[in-house]
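One-letter residues, chain by chain:
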Amino acid sequence: MRTYDNTWIREQLEQLKEPEYQAFTARLLPGVEPILGVRLPELRKIAKKLAKDSWQEYLVQASNDSMEEIMLQGMTLGYARGTLQEKECYLRKFISKIDNWSVCDSCCATIKLAKEQPQEMWEFLQEYLHSEKEFEIRFGLVQLLNYYVNKEYLARVLKEIDSISNKAYYVQMAQAWAVSICYREFPEETEPFLKQNHLDDFTYNKALQKITESLKISKAKKEYIRSLKR
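Residues numbered from 1 in each chain as written. Predicted model: local features only at pLDDT ≥ 70, side-chain atom pairs only at ≥ 80, totals over all residues. Heavy atoms only, no water.

Even after reading the chapter, I still don't get the overall build of the protein, so can you show me in this structure?
Broken down by element type, the protein carries 15 helices and zero strands. Taking 17 Å as the expected radius of gyration for a compact globule of 230 residues, we find that the protein reaches 19 Å, a close match to that expectation. Within the protein, contacts between residues separated by at least 24 positions form 71% of all contacts whose residues are at least 6 apart in sequence. With an accessible surface of roughly 11,700 Å², the protein has 49% of that area assigned to carbon and sulfur atoms. Counting 34 positive and 34 negative side-chain charges, the protein places the centres of these two groups 6 Å from one another. (Helix = DSSP H or I, 4+ residues; strand = E, 2+ residues; numbered from the N terminus. Rg over C-alpha atoms; globule rule 2.2 N^0.38 Å. Contact = heavy atoms within 4.5 Å. Areas by Shrake-Rupley, 256 points an atom, 1.4 Å probe, with all protein chains shown as cover. Lys, Arg positive; Asp, Glu negative; His and termini not counted. Charge placed at Lys NZ, Arg CZ, Asp CG, Glu CD.)

Help me out: how do you make sense of the pattern of salt bridges in this one?
Side-chain pairs of opposite charge can arise where the charged atoms are in close proximity. In this structure the tally under the stated criterion is 15 salt bridges. Across the salt bridge formed by R39 and E18, the nearest N and O atoms sit 3.0 Å from each other. In this pair, R39 sits in the loop between helix 2 (19–28) and helix 3 (40–52) while E18 sits in the loop between helix 1 (6–16) and helix 2, placing the two residues 21 residues apart along the sequence. For E18, a relative accessible area of 31% gives the class partly exposed. (Salt bridge = Lys/Arg side-chain N within 4 Å of Asp/Glu carboxyl O. Buried < 20%, exposed > 50% of the residue type's maximum accessible area, 1.4 Å probe, protein only.)

Looking at this structure, how should I read the packing of helix 9 (residues 118–129) against helix 11 (residues 154–163)?
For any two helices packed against each other, one specifies the inter-axial angle together with the distance between the axes. The interhelical angle for the contact between helix 9 and helix 11, taken along N-to-C directions, is 10°, at an axis separation of 12 Å. By the angle between their directions, the pair helix 9 and helix 11 is classed as roughly parallel. Together, Q119, W122, Q126 and L129 of helix 9 and R156, V157 and E160 of helix 11 make up the contact between the two elements. Partitioning the contact of helix 9 with helix 11 into residue classes produces three nonpolar, two polar and two charged. (Axes fitted to C-alpha atoms, helices over the stretch in contact; angles between N-to-C directions. Parallel < 35°, antiparallel > 145°, perpendicular 65-115°, else oblique. Nonpolar A, V, L, I, M, F, W, Y, C, P; charged D, E, K, R; others polar.)

For this particular structure, what's the right way to read the nonpolar core?
If you look at soluble globular proteins, the nonpolar side chains tend to sit buried side by side. Grouped together as the largest cluster of nonpolar side chains are 80 residues, with contacts concentrated most on L91, F94, M121, F139, Y148, I161 and L194. If we ignore the near neighbours within four places in the chain, the residues touching F94 are I70, Q73, G74, L77, V103, C107 and I111. (Core = buried A, V, L, I, M, F, W, Y, C linked by side-chain atoms within 4.5 Å.)

Here you go:
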């Protein structure tokens, strides 16, 4: 079993970084630094290697010297074999490091524990959904919109979205995104929520906007959704 240390990881990232992509990413993530400029597919390849061999040992000593190195930790957690119980302490440590939407959303797409242990993961997420920290809440919301928009959990998802009053921008955008996914998948069940909720006007109108941007929504429905704008 091979152990990949921080020196090996940094060498891989240095070989893969692209100055133009770094500049592009930096524009999308103002204030986040340092950013090396390594594309997501390349990071996923590295994370899959890390997940196969001594992933716990890697995560204990993992470097936080760049955005990509933090992202690798979340992706590795997603690809590694193990239950929520086996990953929980590492997952908590990783979530505390999230400071931008790119790391949050890319790693949420990789961390699929909710598919295997939906109830256990739902309970785990409650702490983060009710946090006061912007990206902890966003992590919880993006997990919900990725894995819990189904018949069993829909009502609970909408209730959680509605209960969040944090005004941080990336929380509000995640709430709006989550509402749009709920409507896209369950329009009839979600429509009453659109008519009666506690969302502030900015978040509510963003949710309507995201719904109208969906290719799965008919033109007639989009016109109706626009009519609900506050």
